[in-house]
Amino acid sequence: MIHTDETTQEAVKTLEGLISILEDGKLGYTDAAEHIENPAMKTDFLEYARERALFIVELQNQINKLGKSTDNSGGRPLGALHRVWIDIKSAFTGGDTEAIINACITGEEAAVEKYKKALEENHLEHDQIYIVSKQLNSIQNTLSQIKMRAS
């Protein structure tokens, strides 16, 4: 892909959108770990949160390679999709394992959709497509693991 200001802006916007949903997932899993009784699930949720943090760093590195800053301490308003994880928090307050698992499934399904859309939009460069595809695969595996616990 040829670098123009416009293509760079689109790539940055796409990557920032993924970072946003990853941030929500990281917080969602951390909250889930705090509210779930099952020690094995608590460990898994903390691992998923850690993985999301690593994914964020990978995508921030890609934005930096494009010559853009990833310091956005001002933050951006969350899109409707990102609110999924925030809405999940209400499920945690009851400590209901099934509700927490279902909330995590909803959050991961939203992330999968966001990742697929990012790949379909075709604003990313080869390296970015590789990283986003790898992360999507991992998120889909996590979703499958969580769904198995739900059944």
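Check the entry above for the structure.
In short, a report on the structure. Note that this is a predicted model, so its numbers are computed, not measured. (Residues numbered from 1 in each chain as written. Predicted model: local features only at pLDDT ≥ 70, side-chain atom pairs only at ≥ 80, totals over all residues. Heavy atoms only, no water.)

1. Comments concerning the side chain of glutamine 128
Part 1: Within the secondary structure layout, glutamine 128 lies in helix α5 (residues 126-150).
Part 2: Sequence-distant contacts of glutamine 128, defined by excluding residues within four places in its chain, comprise Ala11, Leu15, Gln62 and Leu66. (Helix = DSSP H or I, 4+ residues; strand = E, 2+ residues; numbered from the N terminus. Contact = heavy atoms within 4.5 Å.)

2. Quick word on the pattern of salt bridges
It is possible for side chains of opposite charge to pair when their charged atoms get near one another.
Part 1: The final tally for this structure, using the stated rule, is nine salt bridges.
Part 2: For glutamate 10, the salt bridge goes to lysine 13, with nearest N and O atoms at 4.0 Å. Taken together, the residues glutamate 10 and lysine 13, both in helix α1 (residues 5-35) and three residues apart, mark about one turn of the helix.
Part 3: Under the relative-accessibility criterion, glutamate 10 is labelled partly exposed at 24%.
Part 4: Among the salt bridges present, the one from lysine 117 reaches glutamate 121, with a minimum N-O distance of 3.3 Å. Here lysine 117 and its partner glutamate 121 are both found in helix α4 (residues 97-121), four residues apart, which amounts to about one turn of the helix.
Part 5: By relative accessible area, glutamate 121 is classed as partly exposed at 35%. (Salt bridge = Lys/Arg side-chain N within 4 Å of Asp/Glu carboxyl O. Buried < 20%, exposed > 50% of the residue type's maximum accessible area, 1.4 Å probe, protein only.)

3. What to know about the environment of glutamate 16
Part 1: The residue glutamate 16 is located in helix α1 in this model.
Part 2: Each C-alpha atom of the pair glutamate 16 and glutamine 60 lies 8.1 Å from the other, and the pair is 44 residues apart in sequence.

4. Details of the environment of aspartate 31
Part 1: By the secondary structure assignment, aspartate 31 is in helix α1.
Part 2: Exposure remark for aspartate 31: the relative accessible area of 15% places this residue in the buried category.
Part 3: Spatially, the C-alpha atoms of aspartate 31 and alanine 49 are 9.5 Å apart, while their sequence positions differ by 18 residues.

5. Some points on the packing of α1 against α4
Two quantities define a packed helix pair, namely the angle between the helix axes and the distance between the axes.
Part 1: Relative to each other, α1 and α4 sit at 165°, their axes nearing to 10 Å. Relative to α4, the element α1 lies roughly antiparallel. Crossing handedness for the pair α1 and α4: left-handed. Of α4, the residues touching α1 (which contributes Thr14, Gly17, Leu18, Ile21, Leu22, Tyr29, Ala32 and His35) are Ile100, Cys104, Glu108, Ala110, Ala111, Lys114, Tyr115, Ala118 and Glu121.
Part 2: Here the contact of α1 with α4 is built from residues that sort into 11 nonpolar, three polar and three charged. (Axes fitted to C-alpha atoms, helices over the stretch in contact; angles between N-to-C directions. Parallel < 35°, antiparallel > 145°, perpendicular 65-115°, else oblique. Left-handed = near helix turned anticlockwise from the far one by under 90°. Nonpolar A, V, L, I, M, F, W, Y, C, P; charged D, E, K, R; others polar.)

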